[in-house]
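# Structure at a glance
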Amino acid sequence: MTLLEAAKIRISRRAYIPELISTEKKSSLQKIIDGLCQRSGLKIVLMENGEDCFGLVKSYGMFSGVKSYFALAGKSDDEKLFEKVGYYGEELILEATRLGLGTCWVAGSYDKASTDIGLSDSESLVCVISVGEIKAEENLKEKFLSGVIKTKRKKPEELCRNYDSSPDWFKSGMECVANAPSARNKQPVVFELTPDGVATNLLGSFSVNKIDLGIAEYHFELGSGKKITLFN
């Protein structure tokens, strides 16, 4: 499975088989994490105290069986910290999808106090991503949430300007963007093909929107085959 194929089939999963990730898959994930940290300068840690992080109260009962999760952090003074977390975190999610694991972006409904990854005073935790083994079929709660999200999804032409007159590679990028997850399910990123390249604009000033920006940029690059970020 390629990363592009993973992007087409991956959906958010919130119900997990309550067991730790296998040693083999954990080893593969750690190699991926090491590479991403080296490329990005972020601090990404695979944690295994999911019961504390995703307790009933903090997760509002939306998650079950979580044993493992990724914690994503970085330098607090990095102006592109949230954008980088979205970009590299989405690559990590798609790599986990290729390993047959379920994942879900989690921006707020988790216990930050239990997420101790040894941050320095100059570093900040941005968000976490639940990860683990899943059943082939979604449970009823997941199906309901997936249905709600699908009704709110924007079409490729709603996420960019001048879609109809754009070249095929740009449209392919936008199709992949339309399928990208969004931290608040708002898809607040607008793309535009300009004489100077591909430009992006954010609708709203929520900090999690910058995570969405990074996620969308990664999907655009994956779908279009064109590099638009300067991270690496």
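Residues numbered from 1 in each chain as written. Predicted model: local features only at pLDDT ≥ 70, side-chain atom pairs only at ≥ 80, totals over all residues. Heavy atoms only, no water.

A word on the overall build of the protein chain. Along its length, the protein chain carries seven helices and six strands. When the helices and strands of the protein chain are placed in sequence order, the string is α-α-β-α-β-α-β-β-α-α-β-β-α. Relative to its length of 232 residues, the protein chain is compact, with a C-alpha radius of gyration of 17 Å against a globular reference of 17 Å. In terms of overall dimensions, the protein chain has a C-alpha envelope of 50 × 40 × 35 Å along the principal axes. (Helix = DSSP H or I, 4+ residues; strand = E, 2+ residues; numbered from the N terminus. Rg over C-alpha atoms; globule rule 2.2 N^0.38 Å.)

Counted under the stated rule, the structure contains nine salt bridges. With its nearest N and O atoms 3.3 Å apart, the salt bridge here joins Glu 48 to Lys 26. Here Lys 26 lies in helix H2 (residues 23-40) and Glu 48 lies in the loop between strand E1 (43-47) and helix H3 (50-53), a separation of 22 residues in the sequence. Residue class for Glu 48 comes out partly exposed when judged on its relative accessible area of 32%. By relative accessible area, which is 32% here, Lys 26 ends up partly exposed. (Salt bridge = Lys/Arg side-chain N within 4 Å of Asp/Glu carboxyl O. Buried < 20%, exposed > 50% of the residue type's maximum accessible area, 1.4 Å probe, protein only.)

A few words on the side chain of Glu 90. Here Glu 90 shows up in helix H4 (residues 81-98). Of the side chains with opposite charge, Arg 10 comes closest to the buried, unpaired Glu 90, at an N-O distance of 5.2 Å. When near neighbours in sequence (up to four residues on either side) are disregarded, Glu 90 contacts Val 85, Trp 105, Pro 181, Ile 215, Tyr 218 and His 219. (Lys, Arg positive; Asp, Glu negative; His and termini not counted. Contact = heavy atoms within 4.5 Å.)

Within the structure shown, the criterion is met by zero disulfides. Free of any disulfide, Cys 176 has its nearest neighbouring cysteine sulfur in Cys 160, separated by 14 Å. For Cys 176, a relative accessible area of 7% corresponds to the buried category. (Disulfide = S-S within 2.5 Å.)

Now for the nonpolar core. Residues Phe 70, Val 85 and Trp 105 are the most contacted members of the largest nonpolar core, which totals 34 residues. Elements with a minimum of two residues in this core: helix H1 (3-9), H2, E1, strand E2 (68-75), H4, strand E4 (123-132) and helix H7 (207-224). Among the elements that make up this core, the one with the highest residue count is H4 (eight residues). If we ignore the near neighbours within four places in the chain, the residues touching Val 85 are Leu 42, Leu 72, Glu 90, Trp 105, Val 126 and Cys 127. (Core = buried A, V, L, I, M, F, W, Y, C linked by side-chain atoms within 4.5 Å.)

Okay, the packing of H4 against H7 next. Orientation of H4 relative to H7, taken along the N-to-C sense of each, is 50 degrees, at an axis distance of 6 Å. With respect to each other, H4 and H7 are oriented oblique. Along this stretch, H4 crosses H7, giving a crossing that reads as right-handed. Residue-level contacts link Phe 82, Glu 83, Gly 86, Tyr 87, Glu 90, Glu 91 and Leu 94 of H4 to Ser 207, Lys 210, Ile 211, Leu 213, Gly 214, Ile 215, Glu 217, Tyr 218, His 219, Glu 221 and Leu 222 of H7. A per-class count over the contact of H4 with H7 returns eight nonpolar, four polar and six charged. (Axes fitted to C-alpha atoms, helices over the stretch in contact; angles between N-to-C directions. Parallel < 35°, antiparallel > 145°, perpendicular 65-115°, else oblique. Left-handed = near helix turned anticlockwise from the far one by under 90°. Nonpolar A, V, L, I, M, F, W, Y, C, P; charged D, E, K, R; others polar.)

A few words on the sheet that holds strand E3 (residues 102-106). Taking strand neighbours across the sheet as the criterion, the four strands line up as E1-E2-E4-E3 in an open arrangement whose pairing is antiparallel. A strand with exactly one partner marks an edge of an open sheet, and here the two such strands are E1 and E3. The mean inter-strand angle of the sheet, taken between neighbouring strand axes irrespective of direction, is 25 degrees. Note: E3 against E4, five bridges, orientation antiparallel. When the sheet's bridge partners are listed, Cys 104 is paired in E4 with Ser 130. Lying over the sheet, H4 contacts E1, E2, E3 and E4, oriented at roughly 20 degrees with respect to E4. (Pairing = 2+ DSSP bridges.)

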